[in-house]
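Structural features, examined
The residues making up each chain are set out below.
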Amino acid sequence: MSRIVIQALGLMGIYLLVMTSAKPADAAAGLVLGLVLAVALRPRLPGRYPATPRLGALLAFGPVLAQTVVEMAIGSWRTARFCLRGTGQPGFVEIPRGERSRHQVALWGVLTGEAPDEVPVDVDEERRVLIVHLVDASDPDAVRERHRRAYERAQRKVVT
């Protein structure tokens, strides 16, 4: 039962990030949707439940959430600057996948998509790169380094 509650709270957090809201009504709606999804997607066979999330992974989610909020603010600034002044060079940047598992790639996509100046476009499995479109892709090496640091500092600790 505690696993369902943990999953529901995680899904509620994602819902609130997507809605960019902290209103109690949105939190309640997110919790209800999270509970429905957590119950509907739970394993059906007895004795085959996956391991409970590690405490370290749950604690590591705090820095990931903080980092995402900062990236959302910076991305909003970049987008506003682009819209008002036209500064920046929109384009695609390929980010090496590195050691990311497919679950870590999914987390990367969700977190990257929260910032309005970056949109995850594709994962090229053959070349092992993550492709993202940016409002300002004038310095692709800096973008790659920023994503590498975000992964190393926090994201890899949340999902295995």
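What this report covers is the structure whose coordinates are included nearby.

The rules behind the values
Residues numbered from 1 in each chain as written. Predicted model: local features only at pLDDT ≥ 70, side-chain atom pairs only at ≥ 80, totals over all residues. Heavy atoms only, no water. Helix = DSSP H or I, 4+ residues; strand = E, 2+ residues; numbered from the N terminus. Buried < 20%, exposed > 50% of the residue type's maximum accessible area, 1.4 Å probe, protein only. Contact = heavy atoms within 4.5 Å. Areas by Shrake-Rupley, 256 points an atom, 1.4 Å probe, with all protein chains shown as cover. Polar contact = N/O pair within 3.5 Å; in protein donor to acceptor, adjacent residues only side chain to side chain. Salt bridge = Lys/Arg side-chain N within 4 Å of Asp/Glu carboxyl O. 1 Å grid on protein atoms, 1.4 Å probe; cavity = no way out; pocket = protein on both sides within 12 Å on 5 of 7 lines; lining within 4 Å. Points joined across faces, edges and corners; volume = space filled by probe spheres on them. Nonpolar A, V, L, I, M, F, W, Y, C, P; charged D, E, K, R; others polar. Phe/Tyr/Trp six-rings, centres within 6.5 Å; stacked < 30°, edge-to-face > 60°. Lys NZ or Arg CZ within 6 Å of the ring centre and 35° of its normal. Axes fitted to C-alpha atoms, helices over the stretch in contact; angles between N-to-C directions. Parallel < 35°, antiparallel > 145°, perpendicular 65-115°, else oblique. Left-handed = near helix turned anticlockwise from the far one by under 90°.

Notes on the overall build of the protein chain
A count of helical and extended segments in the protein chain gives 5 helices and 3 strands. Taken from N to C terminus, the helices and strands of the protein chain fall in the order α-α-α-β-α-β-β-α. The proportion of buried residues among the 160 residues of the protein chain is 31%. Of all intrachain contacts in the protein chain linking residues separated by at least 6 positions in sequence, the fraction that spans at least 24 positions is 71%. With an accessible surface of roughly 10,000 Å², the protein chain has 64% of that area assigned to carbon and sulfur atoms.

Overview of the side chain of serine 21
Within the secondary structure, serine 21 is located in the loop between helix H1 (2-19) and helix H2 (24-40). Accessibility expressed as a relative area gives 15% for serine 21, which makes it buried. A distance of 2.5 Å separates polar atoms of two side chains, one belonging to serine 21 and the other to aspartate 26.

Observations concerning the pattern of salt bridges
Scanning the entire structure with this criterion turns up 9 salt bridges. As a salt-bridge pair, arginine 78 and aspartate 117 come within 2.9 Å of each other at their nearest N and O atoms. Residue arginine 78 is found in helix H3 (residues 55-85), and its partner aspartate 117 is found in the loop between helix H4 (102-114) and strand S2 (118-124); the two are separated by 39 residues along the sequence. Under the relative-accessibility criterion, arginine 78 is labelled partly exposed at 22%. The buried category is assigned to aspartate 117, whose relative accessible area is 4%.

Focus on the layout of surface pockets
Of the pockets and cavities examined, the second largest pocket occupies roughly 180 Å³. Lining the second largest pocket are Ile95, Pro96, Arg97, Gly98, Glu99, Arg100, Arg144, Glu145, His147, Arg148, Tyr151 and Glu152. Secondary structure elements with two or more residues in the lining of the second largest pocket: strand S1 (91-96) and helix H5 (140-158). It is H5 that contributes the most residues to the lining of the second largest pocket, 6 residues altogether. Here the residues of the lining of the second largest pocket are counted per class, giving 3 nonpolar, 2 polar and 7 charged.

Let's talk about unusual backbone geometry
The phi torsion at threonine 20 lies on the positive side, around 45°, for a residue other than glycine. Examined against the element boundaries, threonine 20 turns out to sit in the loop between H1 and H2. According to the relative accessible area criterion, threonine 20 is exposed, its value standing at 59%.

Description of the packing of aromatic side chains
Counted by the stated rule, this structure contains 0 aromatic pairs. Across the ring face of tyrosine 151, the terminal group of arginine 100 is positioned such that the distance to the ring centre comes to 4.6 Å.

Some details on the packing of H4 against H5
Packing of H4 against H5 leaves a shortest axis separation of 11 Å and a crossing angle of 120°. As judged from the angle between their axes, H4 and H5 are oblique. As H4 runs across H5, the sense of the crossing is right-handed. On the side of H4, the interface is formed by Gln104, Leu107, Trp108, Leu111 and Thr112, while H5 contributes His147, Tyr151, Gln155, Arg156 and Val158. A class-by-class count of the residues in the contact of H4 with H5 yields 5 nonpolar, 4 polar and 1 charged.

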